[in-house]
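Residue-level structure breakdown
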Amino acid sequence: MANISVTTACNRDCSYCFARGARRAVAAHMSAETFEKALDFLARSGIEEARLLGGEPTLHPEFQRLAEMALRRGLRLRVFSNGRMPKAALEWLESQPEERVAVLINFAPDDPPPAETLRRLGKRVTLGLNLHTPTVDPSFLPGAVREYGVAPRVRLGLAHPMAEGGNRFLDPRHYRAVGRRVADFFEAAREAGVEASFDCGFVPCMFPRGFLEAMGTAAGDIGTQCSPVLDILPDGKVVPCYPLAALAREPLPDGETADALRARFTERFSSYRRLGVFRECTVCEVRENGGCNGGCLAASMQRLRTAPGPGGARASRQVPRGRS
Amino acid sequence: MSWAVEARGVLLINDATGAVVTVGYPQAAIWEMLTGGESNERIARKLCAIASLEPEAAEALMRETVAAWRAAGFLAREEDRGG
């Protein structure tokens, strides 16, 4: 899996967006040449789906051209959108077969839903919700699935911090409260015939005891999802994921696969993988047994403290070495 | 140099080399107090209470611990970095 972020342009300003760091006054759009290179990268990596992110990817001035380039290569297309898309993009997506094109539309809890887009794209749409505070309640989603006639699937995500700061994220102190709410939601969704899945960063210990066992196969890879995903930015640089974008980036490699690049990023962050989102992660049996990797690395790194730099506090005669 | 307080001590990470050291107590307390800017003498006095040590033993533990961290690159003398 790898995502292609085709533009930094966005028509919303979500406080929790982990791509906020990439946004700027003048939007950057991926060129067709860079997109072609990104598709080459997917092809030689054996990846069969082009996942377009932004910003809001449909705001790319050549969105349709890029999307058709991916489809011509025989790739499936998945578009991650907020649903506020230009008319031309909506009409094009609506004209595409459901088995080739999927759209994940993230609900913004404080905004009215993009009702027309949802109804017109119908079963192409999976609804998504980002849990960025402990009070975000996903219980409305099964009703929204029925009301708008979208696919009976929903995707929940946790808001993760950008390494450099600047976005709102779900503090791990609230994970257990969110886990209880998600467990209640999951049961209600299942009764309504709606399948729920989980994005990266969920950890087993946030859920009530016995819940993951009761989920069965639906629990999927909760706790061990980060591989990392790889996000290809509009300028052709690749980052392990948006939250870690400030700490590591490489040019889109010639002739190398996603697995090779992923291995290099994994190695680069291996020391920090000893951390987990909680203090208790270092003595956790589930983690010891491979059932969890400690949660989002960017969230774990929020617990780090660093040595004062030159000119900073220096009351002791010995000082920890600063970051080089 | 980065560190995080863990359930049973402190995890030290040398950002430059990637070296990781897990430090249990009472050494983890020494690290916390050092990074809080406390003097060696004051830390040694507190160690007497924290770890039930005689003053000489506390000073020796302090000396040995700091020397080991310095040798492993986790600590530098302030004057060595232009302070």
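For clarity, every value in this text was computed on a predicted model and none was experimentally measured. (Residues numbered from 1 in each chain as written. Chains lettered and ligands numbered in written order. Predicted model: local features only at pLDDT ≥ 70, side-chain atom pairs only at ≥ 80, totals over all residues.)

1. So, the environment of A:Gly179
Locating A:Gly179 in the fold gives a position in helix α6 (residues 175-191). Along the primary structure A:Gly179 and A:Phe211 are separated by 32 residues, whereas in three dimensions their C-alpha atoms are 9.7 Å apart. (Helix = DSSP H or I, 4+ residues; strand = E, 2+ residues; numbered from the N terminus.)

2. What about helix α3 (residues 87-94) of chain A?
Residue and element names in this part refer to chain A. Ala 89, Leu 90 and Leu 93 are the residues of α3 that are buried. Looking straight down α3, one finds its buried side chains confined to an arc of 100°; they lie on one side. Seen from the open side of α3, the exposed residues pointing more than 90 degrees away from its buried face are Lys 87, Ala 88 and Glu 91. In this structure, the buried side of α3 is in contact with α2 (63-72), β4 (101-107) and α4 (115-121). (Buried ≥ 20, exposed ≤ 12 C-beta atoms within 10 Å, placed from the backbone. Arc of directions from axis to C-beta. Contact = placed C-beta atoms within 7 Å.)

3. Section: the sheet that holds strand β1 (residues 2-6) of chain B
In sheet architecture, strand pairing relies on hydrogen bonds along the backbone and comes in two forms, parallel and antiparallel. Across the sheet, four strands lie side by side as β11(A)-β1(B)-β2(B)-β3(B); this open sheet has antiparallel pairing. Edge positions in the sheet fall to β11 (305-306) of chain A together with β3 (20-23) of chain B, since each has one partner strand and no second. Sheet topology note: the β1(B)/strand β2 (residues 9-13) of chain B ladder contains five bridges and is antiparallel. From the neighbouring strand, B:Ser2 faces β2(B), where its bridge partner is B:Ile13. Along the sheet, helix α1 (residues 27-35) of chain B makes contact with β1, β2 and β3 of chain B, crossing β2(B) at roughly 65°. (Pairing = 2+ DSSP bridges. Axes fitted to C-alpha atoms, helices over the stretch in contact; angles between N-to-C directions.)

4. Points about the pairing of strand β7 (residues 195-198) of chain A
All names here are of chain A. Residues Ala 196 and Phe 198 point to one face of β7 and are all buried, whereas Glu 195 and Ser 197, pointing to the other face, are not buried. Judged from the four bridges that link them, strand β6 (residues 153-158) and β7 form a sheet pairing that is parallel. Of the residues in β7, the one forming a bridge with Val 154 is Ala 196. Taken together, β6, α6 and β7 form a β-α-β motif whose crossover is right-handed. (Right-handed = clockwise from strand over helix to strand, strands pointing away.)

5. Here we look at the sheet that holds β6(A)
Residues and elements named next belong to chain A. In spatial order, the strands read β7-β6-β5-β4-β3-β2-β1-β8-β9-β10; together these ten strands make up an open sheet with mixed pairing. Looking at which strands have only one partner, the edges of the open sheet turn out to be β7 and β10 (250-251). Relative to β10, strand β9 (residues 237-239) runs antiparallel, the two being bridged by two bridges. Bridge pairing in β10 links Val 238 to Glu 250.

6. Side note on the environment of B:Cys48
Residue and element names in this part refer to chain B. Take Cys 48: it is sitting in helix α2 (residues 40-50). Along the backbone, Cys 48 and Arg 63 are 15 residues apart, and their C-alpha atoms lie at a distance of 14 Å. If we skip the residues at most four places from it in the chain, Cys 48 touches Leu 53, Pro 55 and Ala 58.

7. Some words on unusual backbone geometry
In this structure, the amide linkage connecting A:Ser227 to the following residue, A:Pro228, adopts the cis form with an omega of -20°. Note on placement: A:Pro228 falls in the loop between α7 (211-215) and β8 (231-232). In this chain, B:Tyr25 is followed by B:Pro26 through a cis amide linkage whose omega measures 10°. Phi is positive for A:Leu230, which is not a glycine, with a value near 75°. Mapped onto the secondary structure, A:Leu230 falls in the loop between α7 and β8. In this model, B:Ser52 sits at a positive phi of 50°, which is unusual for a non-glycine residue. Note on placement: B:Ser52 falls in the loop between α2 and α3 (55-71). We classify B:Ser52 as exposed; it has 10 C-beta atoms within 10 Å.

8. Quick look at the pairing of β4(A)
Put simply, side chains in a regular strand alternate between the two faces of the sheet. All names here are of chain A. Burial analysis of β4 places six of its seven residues in the buried class, which makes it a mostly covered element. In the sheet, strand β3 (residues 76-81) pairs with β4 via five bridges, with the strands oriented parallel. Note on β4: the bridge partner recorded for Ser 81 is Ile 105. Handedness of the crossover is the feature at issue here: the chain leaves β3, passes through α3, returns alongside β4, and the resulting connection is right-handed. Relative to strand β5 (residues 125-131), β4 runs parallel, the two sharing five bridges. Of the residues in β5, the one forming a bridge with Ile 105 is Leu 127. Remark: the β4/α4/β5 crossover connection has right-handed handedness.

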